[in-house]
Amino acid sequence: MDYVYHAANWLQASTALLILGTVVVSMLALEGGSGVIDGWRQRNLKICTALAGVLLLAGFLMPSLQAVSIEERTAAAFDLKVLEIVLFSTRFGSVWLLQQTMAVLILFALLLRGALMARMAYKSFLLLLAFLTALLLLAGSFKSHAAALEPMWPGLLGNSFHILAAACWLGGLPVLALLLRCSHQQSEQADHALIEATLRRFSVMASMMVGVILLSGIVIGFLQVSRWGELFSTPYGTFLVTKIVLFFVMLSVAAMIRFRYMPQYANQQASASINWAIAAWISLEASVGLLLLGAASVLKGTTPASHEEVIVWPFSFRFSIEATWQESADVRMQVLVGIALIMAAIVVVTYLIRYQHNKRSAMIAGSILLISGLGVALPPLGVEAYPDTYRNSTVPYVAVSIKNGEDLFSNNCTACHGVKGKGDGVLAKTLSAEPANLTEPHTALHTVGDMFWWLTHGMGDDKAMPSFREILDEDDLWDVINYLRAFSEGYTARVIQPYIIANKPFIGAPDFYYSSLVKNGNLKDLRESKSTLLVFFSWPEGRARLDSLKKHYAEMVANDVVIIGVALRGGGLMSAELIQQYPFPLVTEESAAIARTYLQFRRTFQNSGEHDEQPLNHLEFTIDRFGYMRSRWIPQQDPEAWQDMAFLLQQFSALAAEEEILPPPDEHVH
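This structure is a prediction, so every number in the text was calculated from the model and none was measured.

> Any chance you could break down the pattern of salt bridges for me, citing the residues and the numbers?
Summed over the entire model, instances satisfying the criterion amount to 16 salt bridges. When the shortest N-O distance is used, the salt bridge between arginine 630 and glutamate 658 registers 2.9 Å. Taken together, the residues arginine 630 in strand 10 (residues 628–633) and glutamate 658 in the segment after helix 23 (645–657) connect sequence positions 28 residues apart. The two residues arginine 630 and glutamate 658 agree in class, both being buried. The network of salt bridges with shared partners includes Lys403, Glu406, Asp407 and Arg596.

Encoded structure:
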């Protein structure tokens with residue numbers, strides 16, 4: 001039934017696009033010409049009538065196919081209760097009713113065109129058809145992937161411009177080919193002039209529509225594909241790449257027409273043969289366009305790449321600037337040389353076409369320089385990849401997961417990697433390959449999919465690092481990966497200072513759930529609205545600090561700051577009455593996961609912060625309203641810094657004035 005659903009989608013989209021495209025081309029050839037051209041205009045309306053009938057019939061199939069898709073059983077197509085839900089309790093149903101209403105109006109307008117055109121001008125009738133068809137196409141955006149995004153408007157806007165531009169260009173190709181075939185050697189000069197003028201107008205319009213399609217397509221792709229690797233490792237990416245390839249095939253055909261055939265219009269005697277040759281190329285362009293619409297219809301019913309959990313990368317390598325750029329000066333030099341060759345290709349092609357008018361030499365020289373540039377620039381950016389390289393984590397990057405990952409790491413990994421993750425475990429010297437030092441920044445340069453592959457398949461030819469898939473389940477493996485990412489970022493966090501560096505967010509604060517006698521919730525619930533002062537305290541040593549925060553609580557609230565206290569130790573000594581004396585939540589029970597997670601970020605360049613070297617009694621973080629750690633205070637290393645409440649309030653005031661610089665951290669690590 002999936003094939004039927006995709007076919008019906010394709011039929012509905014194609015007919016609507018062809019109607020709007022036919023109307024647009026008819027408006028480009030609005031006046032002039034002989035009876036042959038008038039016959040073409042009347043034939044266009046007949047074609048639109050047939051297309052409107054097909055559009056209406058295809059629309060009637062959609063609710064039953066949607067019911068089958070939802071229920072995953074063929075019998076649902078005839079189940080009146082399911083159909084009632086589909087039509088009257090879903091967004092699909094609301095959009096379908098609007099689209100079918102438009103389809104009925106389009107069909108009736110075309111069937112009654114004689115009576116309508118007796119009351120209005122031909123141009124006004126075409127504008128009415130264009131308005132109804134455009135409304136039908138725009139309504140379809142509300143049942144596309146774009147309508148499921150938050151916020152909805154960027155996707156809807158991109159999708160709307162995309163579909164209307166495609167209708168004006170692709171939808172107009174068949175009727176334009178028919179117009180060109182009206183040309184004969186015996187045709188009146190007025191017909192030749194009209195056909196040439198219409199083709200030139202269409203070429204200008206199509207050029208603009210191609211720009212709109214490219215820009216809107218980039219917006220849609222950005223919203224639906226979170227990483228470029230998903231283009232080659234997901235069904236959505238496969239169909240999107242297919243669509244892009246077909247789009248550039250259409251562009252190549254269009255370029256052939258514009259640059260090879262249209263300049264020949266200077267020879268008026270050859271205009272009929274030119275028109276028939278162009279018509280053949282346009283027919284090919286339209287055929288490719290219909291295939292493109294097929295890919296787009298399948299794409300419409302395919303899970304977006306960014307939502308896929310299981311992603312299989314088909315290559316043994318990938319390109320990564322992040323993982324290779326700092327590797328050596330030779331890498332950077334080779335990449336820059338490659339970029340220079342590519343820039344040279346652009347300059348040479350521009351010069352040969354614009355000043356020498358030598359397109360053949362431009363194509364040859366440009367191709368050689370471009371291929372050479374890519375051949376030089378890409379190899380040093382290549383790194384080893386695996387089928388799971390772009391796999392998405394199924395476990396959120398939260399404190400509970402990180403704490404469980406730390407426990408699993410301690411029980412399964414420290415014998416080789418060492419208690420501190422430096423690759424100096426008791427078994428390290430017995431292995432054929434030295435265990436990785438997990439405190440080094442290279443850890444962050446691998447994808448979580450790489451780590452998942454290593455944990456499930458082992459590493460090294462002799463599997464010096466064994467597979468853990470028989471020992472740990474999938475969630476446990478992701479917990480270990482979440483811990484490793486937090487552990488690595490903890491070393492990156494050594495640069496965090498007791499003061500905020502303006503406009504420099506770079507480390508996301510792991511989310512956690514907190515519960516206290518005053519309030520409960522998730523840290524991420526404060527995003528987009530409040531900054532957070534996250535206070536890790538010991539009791540009773542931290543009482544003076546908590547009392548000071550209590551005293552200045554009103555000033556904190558005035559600066560849109562939320563205070564959350566989490567007990568490092570001694571929380572069990574606090575009575576309920578004592579906890580309720582503080583106006584902000586104090587997490588004293590089940591606080592271990594939060595505390596152990598944020599202790600990963602205790603390290604400074606002056607003090608490694610290991611538990612067994614100098615246990616911390618107190619630690620505080622400022623977290624901006626977008627979810628990023630911005631400053632940190634460790635009283636044992638800098639006793640006075642945040643005791644000055646005026647200084648702290650000034651820091652939060654600066655955060656409140658900042659606009660969004662980075663989007664909030666993703667719920668899952670990548």
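There is more to say after this.
> Quick one: what's the story with the pairing of strand 6 (residues 531–538), residue by residue and with numbers?
Side-chain positions along a regular strand alternate between the two faces of the sheet. In terms of burial, strand 6 is largely enclosed, as 8 of its 8 residues are buried. Along strand 6, one buried face is formed by Ser531, Leu533, Val535 and Phe537 and the opposite face, lined by Thr532, Leu534, Phe536 and Ser538, is buried too. Relative to strand 7 (residues 561–569), strand 6 is paired through 8 bridges, and the arrangement is parallel. In the strand pairing of strand 7, threonine 532 is matched with valine 562. Bridging between strand 6 and strand 9 (residues 619–623) involves 5 bridges; their strand directions are antiparallel. Paired with valine 535 across the two strands is glutamate 620, which belongs to strand 9.

> Tell me about the sheet that holds strand 8 (residues 586–587), residues and numbers included.
Ordered by their spatial adjacency, 6 strands build an open sheet running 3-10-9-6-7-8, and the pairing between neighbours is mixed. The outermost strands of the open sheet, each flanked by one partner alone, are strand 3 (507–508) and strand 8. Strand direction decides the pairing type here: strand 9 and strand 10, joined by 4 bridges, are antiparallel. By the bridge assignment for strand 10, glutamate 620 is matched with tryptophan 633. Along the sheet, helix 23 contacts strand 6, strand 7, strand 9 and strand 10; its crossing angle with strand 6, the most-contacted strand, is approximately 145°.

Quick notes on the rules
- Residues numbered from 1 in each chain as written.
- Predicted model: local features only at pLDDT ≥ 70, side-chain atom pairs only at ≥ 80, totals over all residues.
- Heavy atoms only, no water.
- Salt bridge = Lys/Arg side-chain N within 4 Å of Asp/Glu carboxyl O.
- Helix = DSSP H or I, 4+ residues; strand = E, 2+ residues; numbered from the N terminus.
- Buried < 20%, exposed > 50% of the residue type's maximum accessible area, 1.4 Å probe, protein only.
- Pairing = 2+ DSSP bridges.
- Contact = heavy atoms within 4.5 Å.
- Axes fitted to C-alpha atoms, helices over the stretch in contact; angles between N-to-C directions.

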